[in-house]
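Secondary and tertiary structure notes
The residues making up each chain are set out below.
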Amino acid sequence: MAKDVIIACDFSDKRTVLDFLGTFGEIKPFVKIGMELFYAEGPDVVKEIKARGHKVFLDLKLHDIPNTVKKAMSVLSGYDVDITDLHAGGTCAMMRAAVEGLTRADGTRPLLVAITQLTSTDGESLKKDLLIDKPMEEVVEHYALNAKVSGLDGVVCSPLEAEKVHAACGKNFITVTPGIRFADGEAGDQKRITTPAKARELGSDYIVVGRPVTAAADPVKAYLRCVSEFLGK
Ligand code: C5P
C-alpha cells in the first residue's frame, strides 16, 4: 500500500498555486485540489498540475442523486486524476452509480474514496445538527462498510478512526486522513485531529495537510517535516 503526504492546496487562483508548488523545485508533492481552486479555475488547473509531475487528489465531494453523480463522475474520469471523492451520506446507490460513471471504457479509473464524516464535525454536531444518535466511530465504520460494498477503494476519515476502518474493511481499504496538525500548531476549525507521527502509528495511508503547510513561514520545511514524521524518512 502506497503511503504519502497530500498537500491541500486551498488557494483561489492558478497563479498562487503554481508559484507555491514552484517553491518545491524537484520535489513533487501529491496535491489536493479542492472546490475553491477548481471552481475558480476549472479543469485546466488539474491538467497543468498533472503535467508538472504531481499526483492529484480532486476533492469535489460529490453528493446528489445517483444519476447526476454518475454523469458527473464520467466527466471527471477524463481528467486523469489519481484520487477523487464523494460523500458516503449519498447512499450506496449513489456510490455504486459513481463507480460506474468513473470507470473508463478500458476498465481503468481513478481511486474513489468516500467522505464518512467531515473532520470538522464532532459528536455534538452529529447529534444536534444531523440527528444522528450513534457514536461517531460507529457512524464512520458503518459508512466505510457501505463504501466498501459499493465498490469504492477507501474513505476519508479522521486519523483517529483509521484503525477501526482497517479492522472493519481490511488493510487494503485506503484511509485518507485530513485533520492533521503539528503538536505545536493550531487546530483552527478542525476537531478530530492528530499529528503526522500519530497518524502513522494509527495506520493512515494518506495524510492530507493544508494550513500547517500552506500557511507556514517555510512551507517546504513544513512539508518535509510531515514526510519525515509520517513516512519516517
Ligand atoms: O487546512 P487543513 O489541514 O485543515 O485542510 C484540510 C483539508 O482537508 C481541507 O481542504 C478540507 O476541505 C479537507 N477535508 C477535511 N475533512 C474531510 C475531508 C476533506 O478537512 N473529512
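Located above this text is the structure these notes cover.
Worth saying up front: this structure is predicted, and the values here are computed from it rather than measured.

About the criteria used
Sequence order sets the numbering: in each chain, residues are counted from 1 along the sequence as written. Local features in a predicted model are, by the rule used here, given only for residues with pLDDT of at least 70; side-chain atom pairs are given and counted only at 80 or more, and totals for whole chains, interfaces and linings are based on all residues. Only hydrogens and water are set aside when side-chain values are computed; all heavy atoms of the structure are taken into account. The near set for a molecule or strand comprises every residue that places at least one heavy atom within 4 Å of it. Two N or O atoms form a polar contact when they lie within 3.5 Å of each other; inside protein one atom must be a possible hydrogen donor and the other a possible acceptor, and for residues adjacent in sequence the pair counts only when both atoms belong to side chains. Method for areas: the Shrake-Rupley scheme with a 1.4 Å probe, in which residue coverage is limited to the protein chains shown. Strands here are runs of E lasting at least two residues and helices are runs of H or I lasting at least four, both read from the DSSP assignment and numbered beginning at the N terminus. Note that Gly is not counted as nonpolar here; it falls among the polar residues with everything else outside the nonpolar set of Ala, Val, Leu, Ile, Met, Phe, Trp, Tyr, Cys and Pro and the charged set of Asp, Glu, Lys and Arg. Among the buried residues, those of types Ala, Val, Leu, Ile, Met, Phe, Trp, Tyr and Cys that are joined through side-chain atoms within 4.5 Å form a nonpolar core. Type-normalised accessible area, obtained with a 1.4 Å probe on protein chains alone, sets the label of each residue: buried when under 20%, exposed when over 50%, and partly exposed for intermediate values. The criterion used for residue contact is that any of the two residues' heavy atoms lie within 4.5 Å. DSSP-based pairing: two strands are paired if at least 2 bridges between them are found. To get an axis, a line is fitted to the C-alpha atoms, and for a helix only the part in contact is used. The angle between two axes follows their N-to-C directions and goes from 0 to 180 degrees. For Phe, Tyr and Trp, where Trp contributes only its six-membered ring, two rings pair if their centres lie within 6.5 Å, and the inter-plane angle classes them as stacked under 30 degrees, edge-to-face over 60, or tilted in between. We count a charge as sitting over a ring when the NZ of a lysine or the CZ of an arginine lies within 6 Å of the ring centre and within 35 degrees of the ring normal.

**Things to note about the site of the ligand**
- Near the ligand lie 17 residues; those nearest to it are Asp 10, Lys 32, Thr 119, Arg 181 and Arg 211.
- Contact between the ligand and Gly 210: an oxygen atom at 2.8 Å from a main-chain N or O atom of the residue.
- Protein chains bury 88% of the 470 Å² of accessible surface belonging to the ligand in isolation.
- At the level of secondary structure, the elements contributing two or more residues to the shell around the ligand comprise β8 (206-209) and α10 (211-214).
- Within the shell around the ligand, the residues separate by chemical class into eight nonpolar, four polar and five charged.

**Some points on the nonpolar core**
- Among the nonpolar cores identified, the biggest contains 59 residues, and Val 17, Ile 33, Val 46, Ile 49, Leu 58, Met 73 and Leu 86 are the most heavily contacted of them.
- Discounting residues that sit within four places of it in the chain, Ile 33 has contacts with Phe 38, Val 45, Val 46, Ile 49, Val 56, Phe 57, Leu 58 and Asp 59.
- Core analysis: the second largest hydrophobic core is formed by 12 residues, Ile 6, Ala 8, Tyr 206 and Val 208 among them.

**A word on the sheet that holds β8**
- Taken together, eight strands build a closed barrel; the order of strands is β1-β2-β3-β4-β5-β6-β7-β8 and the barrel is parallel. Neighbouring strand axes in the sheet, compared pairwise and without regard to direction, differ in orientation by 25° on average.
- Sheet analysis places strand β2 (residues 30-33) next to strand β3 (residues 56-62), joined by three bridges and oriented parallel. Of the residues in β3, the one forming a bridge with Ile 33 is Leu 58.
- Contacts between helix α4 (residues 66-76) and the sheet are confined to β3, β4 (83-87) and β5 (111-115), with β3 contributing the most and set at about 165° to the helix.

**What about the packing of aromatic side chains?**
- Enumeration over the complete set of coordinates arrives at five aromatic pairs.
- Seen in terms of ring centroids, Phe 38 and Tyr 79 are 6.2 Å apart; in terms of plane orientation they differ by 40°. Their pairing is tilted. Note that Phe 38 is positioned in helix α2 (residues 35-41) and Tyr 79 in the loop between α4 and β4, a separation of 41 residues in sequence. We note that Phe 38, like Tyr 79, is buried.
- Feature note: the residues Phe 11, Phe 20, Phe 24 and Tyr 223 constitute an aromatic cluster, connected by ring pairs.
- Note that Arg 225 overlies the ring of Phe 182, its terminal NZ or CZ placed 4.0 Å from the centroid.

**Digging into the environment of Lys 171**
- Along the chain, Lys 171 turns up in the loop between α8 (159-169) and β7 (174-177).
- Lys 171 sits in the exposed class, given a relative accessible area of 65%.
- Once the C-alpha coordinates of Lys 171 and Asp 205 are considered, the two residues, 34 residues apart in sequence, prove to be 9.5 Å apart.

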